[in-house]
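# Structural overview
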Amino acid sequence: MGYPTDLLSSRSIIKHGKYALLAPEGLVNNVVPGFDNCSMSILATPKLGASFVDYVVTMHKGGKNTDGFGGQEHIETFVYVLEGEVKASADDKVYTLTSGGYLYCPPGTKMYLENLKDGDSRLFLYKQKYKPLKDLKPWVVTGNSNDIPEEDYDGMTDMRIQDLLPKEIAFDMNFHILTFDPGACHPFIETHVQEHGAYLLSGEGLYNLDNEWIPVKKGDYIFMGPYVQQACYAVGREKLAYVYSKDCNRDADL
């Protein structure tokens, strides 16, 4: 980026264990072994207070993951294509994922990724320790958010949700997309045990995090820890949308 042209400043906010807003202009590239010709930024991790790890990945021309991602017996993974086109494979099956496409891999299944564009493809990537339940086993899931109907959220037509993974108890987490029309908002300020990692796909808004109203916009990343108050107003001229993870279908640990 070269020499700064103004005073150093940042919109990012870090409250370890509670919440974080990571603005894209402050992210740095991290070397992650196995990812070739890729620019990667590690977002939320246990060092921040999350129980998962999120990444934003730019796969340049020829970029690929040669060693596979995940595959350990206790690690589940998920990828969502923000822009571009990638080849994703798991369990000897190959999928072509375009913008809005995604792939979930259960524990023990490696995910391989390769950029199919002459230019860049951008991904939102996730991994988490799976919480077993009896002898139930989740399975590989793929799809595209553009093919999933939006459902009204809590009876409100100007706020809508999409579920990317099955509502099955074998899954201990899900990925959703929330979309707000301009001026729409959550029905109330939520306070719950679940945590989220959210990447803003479009629009602008004001997000309540721990009862602080914070401006957010496309390209921002938000970590929301357990029991942190949270809600959003959409502002501006276009819809606000974000893709996010949510733990579910399990009792609380002692």
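Remember, it's a predicted structure, so these values are computed and weren't measured experimentally. (Residues numbered from 1 in each chain as written. Predicted model: local features only at pLDDT ≥ 70, side-chain atom pairs only at ≥ 80, totals over all residues. Heavy atoms only, no water.)

### Observations regarding the pattern of salt bridges
Per the counting criterion, the structure on display carries nine salt bridges. Residue Glu 83 is joined to Arg 122 by a salt bridge in which the shortest nitrogen-to-oxygen separation is 3.9 Å. Here the residue Glu 83 occupies a position in strand 6 (residues 75-83), and Arg 122 occupies one in strand 11 (residues 121-129), the gap between them amounting to 39 residues. What makes Glu 83 partly exposed here is its relative accessible area of 39%. Its salt-bridge partner being Asp 253, residue Lys 131 comes within 3.4 Å of it at the nearest N-O pair. Highlighted residues: Lys 131 in the loop between strand 11 and strand 12 (141-144) and Asp 253 in the segment after strand 21 (240-247), separated in sequence by 122 residues. Looking at Asp 253, the relative accessible area reads 60%, which means it is exposed. When salt bridges with common partners are traced through the structure, they connect Arg 11, Glu 25 and Asp 220 into a single cluster. (Salt bridge = Lys/Arg side-chain N within 4 Å of Asp/Glu carboxyl O. Helix = DSSP H or I, 4+ residues; strand = E, 2+ residues; numbered from the N terminus. Buried < 20%, exposed > 50% of the residue type's maximum accessible area, 1.4 Å probe, protein only.)

### Focus: the sheet that holds strand 20 (residues 230-235)
Ordered in space as 18-17-20, the three strands form an open sheet in which the pairing is antiparallel. Looking at strand neighbours, the two that pair on one side only are strand 18 (212-217) and strand 20, the edges of this open sheet. Ignoring strand direction, the axes of neighbouring strands in this sheet form an average angle of 25°. Bridge count between strand 17 (residues 204-209) and strand 18: six bridges; the pairing is antiparallel. For Tyr 207, the partnering residue across the bridge sits in strand 18 and is Ile 214. (Pairing = 2+ DSSP bridges. Axes fitted to C-alpha atoms, helices over the stretch in contact; angles between N-to-C directions.)

### Some words on the side chain of Ser 121
Assignment of secondary structure puts Ser 121 in strand 11. Since its relative accessible area comes to 0%, Ser 121 is described here as buried. In terms of polar contacts, Ser 121 uses its side chain to reach the backbone amide nitrogen of Glu 85, at 3.0 Å. Of note is the side chain of Ser 121, whose polar atom sits 2.6 Å from the side chain of Asn 115. (Polar contact = N/O pair within 3.5 Å; in protein donor to acceptor, adjacent residues only side chain to side chain.)

### Focus on the UniProt feature "domain: Cupin type-2" (unreviewed entry) in the protein chain
The feature "domain: Cupin type-2" (unreviewed entry), as annotated in UniProt, sits at residues 74-123 and 177-240 in this numbering. Helix and strand shares over residues 177-240 are 0% and 53% respectively, and the end C-alpha atoms of the span are 10 Å apart. (UniProt positions renumbered as here; feature names shortened; annotations may be inferred.)

### Quick look at the environment of Lys 239
Note on placement: Lys 239 falls in the loop between strand 20 and strand 21. Using a relative accessible area of 43% as the deciding quantity, one classes Lys 239 as partly exposed. When the C-alpha positions of Lys 239 and Lys 137 are compared, they lie 36 Å apart, and in sequence the two are 102 residues distant. Dropping the residues within four chain positions of it, Lys 239 is found in contact with Arg 160, Thr 179, Phe 180, Asp 181, Pro 182, Ser 202 and Gly 203. (Contact = heavy atoms within 4.5 Å.)

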